[in-house]
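As a plain string of letters, each chain reads:
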Amino acid sequence: MILNKPREIVVVYTKQFPFGFKEAYILDEIDALSQHFDAVYFLPYAEFSFNHSELRIPINDKFHFLSFGANPPARSLKDKCKAVCKIIPILVNECLFSRQKKEAFKRLKQNFIRLYHYSWIAEQLERWRGNQNANVTHYHYWMHDGVMIDKLASKNDSDIHISRSHSIDCYHKNWPLPGYAPYEIQKIQYLNAIFSVSQHGLKHLNQTFPQYRYKFHYQPLGIPIVDAPVSHSPKPIILTIAFMGKVKNMHRMLDLMDELKSEFQWVHIGSGVQNIHDEIKSLCSEKNIPFTSLGYLNKSQIFEYLKNNSVAFFANTSIWEGVPVSLMEAGLHGIPMIVTDIPGNKEIVNDKNGVVIPLDGDLKFQAEKIKGIYANPSVWQAYANEAKLTIIDQYNAEKNHLNFFSEIKKLTLK
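Residues numbered from 1 in each chain as written. Predicted model: local features only at pLDDT ≥ 70, side-chain atom pairs only at ≥ 80, totals over all residues. Heavy atoms only, no water.

Caption draft 1: Inspection of the overall build of the protein at higher detail. Helices and strands together make up the secondary structure of the protein, namely 16 helices and 13 strands. Taken over the C-alpha trace, the protein has a radius of gyration of 23 Å; the compact-globule value for 414 residues is 22 Å, and the two agree within 12%. Seen along its three principal axes, the alpha-carbon backbone of the protein occupies a region of about 70 × 55 × 45 Å. The contacts in the protein between residues at least 6 apart in sequence include a share of 75% that link residues at least 24 apart. Taken together, the 47 basic and 41 acidic charged side chains of the protein have centroids lying 6 Å from each other. (Helix = DSSP H or I, 4+ residues; strand = E, 2+ residues; numbered from the N terminus. Rg over C-alpha atoms; globule rule 2.2 N^0.38 Å. Contact = heavy atoms within 4.5 Å. Lys, Arg positive; Asp, Glu negative; His and termini not counted. Charge placed at Lys NZ, Arg CZ, Asp CG, Glu CD.)

Rendered as structure tokens:
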């Protein structure tokens, strides 16, 4: 019998989870996390006030959260100087060697303030880590600022530091919209392994940083495979589920609906930027496009909607995606998909389970194809069956997430 055997624990760095309504994908990893680790600690580093009514998982002996971002500790002059000494080399490195040197210089003050804030979260993390008789895996759900908090804490040589990589946190400078995500190379250097959720993301990392190819892996997300019968008589509904922001490109969805000449109803689920939502609603009214917004619904409410409403198509018109979980959920329910011609969407959608539309330009051909599929029940059924098979085969959460955490446990430090 081994006395005082170290526990196997994981710290999951998130922006908000387990609070609020974002990062819902993590719910699909809960079972895998609980099976592979003795305890799971969520560190929502962007959250400063914690509303316990927004908790989405039970907090118990298995699941915990660390509220290190909520209350700044009292810091001695020595602690402040120690923090600054850690921050300065990071900022100098970013200004001299990053792929966004000009942005780094322009945002020097902003970056210092942000890192100084993160340094006191790191101090608390460091103290907490010192009290754990455990092997600790630091799991960053995004390759974002959580990695810098981890880096600012004193590193325990026995710990593993890994990250998923989705969209801007994967592409940084190559992100198609204006944006700035600092410390790209420093994050890659610090982490033991980076797991891209998309094949195109893995290709980008390998091509951009060939010297770190040994750190890069492909590991798709997944969803629970539940019983979701394919409809035999879909209603003329095209459903979108998204946070209405610039990346989601809802004006392209408006273009498509305009081309379909009111033969379908557009139903949207999700919150978003209010002025974008209001503009879409107003333009739909002007163009006589049937549009219904159901607002934010949680996962069980979405599945209930899909159960009671036989949707003809699911649409994603984003400018960019990692690999959308919403497409996985739609496909599982046997809903043919309409997506914009971007890499993330096309990892799921092909000419057998959906329709790919261009990011701009004429949509007449695609609109006719969509109408033709819906008008022929046997053709629609074939698309629906193929959509479901794609998800069951490639995006099974139990298989993908268990494989992911098994691989993490096998990691050896480089």
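Caption draft 2: View of the packing of aromatic side chains. Applying the stated rule across the entire model yields 21 aromatic pairs. Centre to centre, the rings of F21 and Y296 are 4.9 Å apart; their planes meet at 55°, and the pair counts as tilted. Taken together, the residues F21 in the loop between β1 (7-14) and α1 (30-36) and Y296 in the loop between β10 (291-293) and α11 (299-308) connect sequence positions 275 residues apart. Relative accessible area serves as the criterion here: at 33%, F21 is assigned to the partly exposed category. Consider the rings of Y25 and Y141, whose centres lie 6.3 Å apart with planes at 10°: the pair is stacked. Of the two residues, Y25 is situated in the loop between β1 and α1 and Y141 in the loop between β4 (134-140) and α5 (146-152); the sequence distance between them amounts to 116 residues. In this structure Y25 comes out as partly exposed when scored by relative accessible area, which is 32%. Exposure remark for Y141: the relative accessible area of 1% places this residue in the buried category. Joined through ring pairs, the aromatic side chains of Y25, F37, Y139, Y141, W142, F195, F404 and F405 make up one cluster. The side chain of K15 reaches across the aromatic face of W142, ending 5.0 Å from its centre. (Phe/Tyr/Trp six-rings, centres within 6.5 Å; stacked < 30°, edge-to-face > 60°. Buried < 20%, exposed > 50% of the residue type's maximum accessible area, 1.4 Å probe, protein only. Lys NZ or Arg CZ within 6 Å of the ring centre and 35° of its normal.)

Caption draft 3: Inspection of unusual backbone geometry at higher detail. Here the amide bond leading from F17 into P18 is cis, since omega sits at 15°, within 30 degrees of zero. Within the secondary structure, P18 sits in the loop between β1 and α1. In this model, E23 sits at a positive phi of 55°, which is unusual for a non-glycine residue. Within the secondary structure layout, E23 lies in the loop between β1 and α1. Backbone geometry places N288, a non-glycine residue, at a positive phi of 60°. With respect to the helices and strands, the residue N288 is situated in the loop between α10 (274-286) and β10.

Caption draft 4: Quick look at the environment of T292. Mapped onto the elements of the fold, T292 is located in strand β10. The class for T292 is partly exposed, based on a relative accessible area of 28%. When the C-alpha positions of T292 and N133 are compared, they lie 53 Å apart, and in sequence the two are 159 residues distant. Residues within four places of T292 in sequence aside, it is in contact with Q265, W266, V267 and H268. At 3.0 Å, the side chain of T292 forms a polar contact with the side chain of Q265. (Polar contact = N/O pair within 3.5 Å; in protein donor to acceptor, adjacent residues only side chain to side chain.)

Caption draft 5: Representation of the pairing of strand β11 (residues 311-316). When you tally the buried positions in β11, you get six out of six residues, the bulk of the element. Strand direction decides the pairing type here: strand β8 (residues 235-241) and β11, joined by three bridges, are parallel. By the bridge assignment for β11, L239 is matched with F314. (Pairing = 2+ DSSP bridges.)

Caption draft 6: Structural detail: the nonpolar core. Ranked by internal contacts, the top residues of the largest apolar core, which has 53 residues, are L33, F42, Y139, L239, M328 and I348. Tallying contributions element by element places helix α12 (residues 325-332) first for this core, with five residues. Setting aside residues no more than four positions away along its own chain, F42 makes contact with V12, T14, F17, P18, I26, I30, L33, I57, F63, H64, F65 and L66. Grouped together as the second largest cluster of nonpolar side chains are 30 residues, I238, L254, I280 and C284 included. (Core = buried A, V, L, I, M, F, W, Y, C linked by side-chain atoms within 4.5 Å.)

All we've got here are geometric facts, nothing functional implied.
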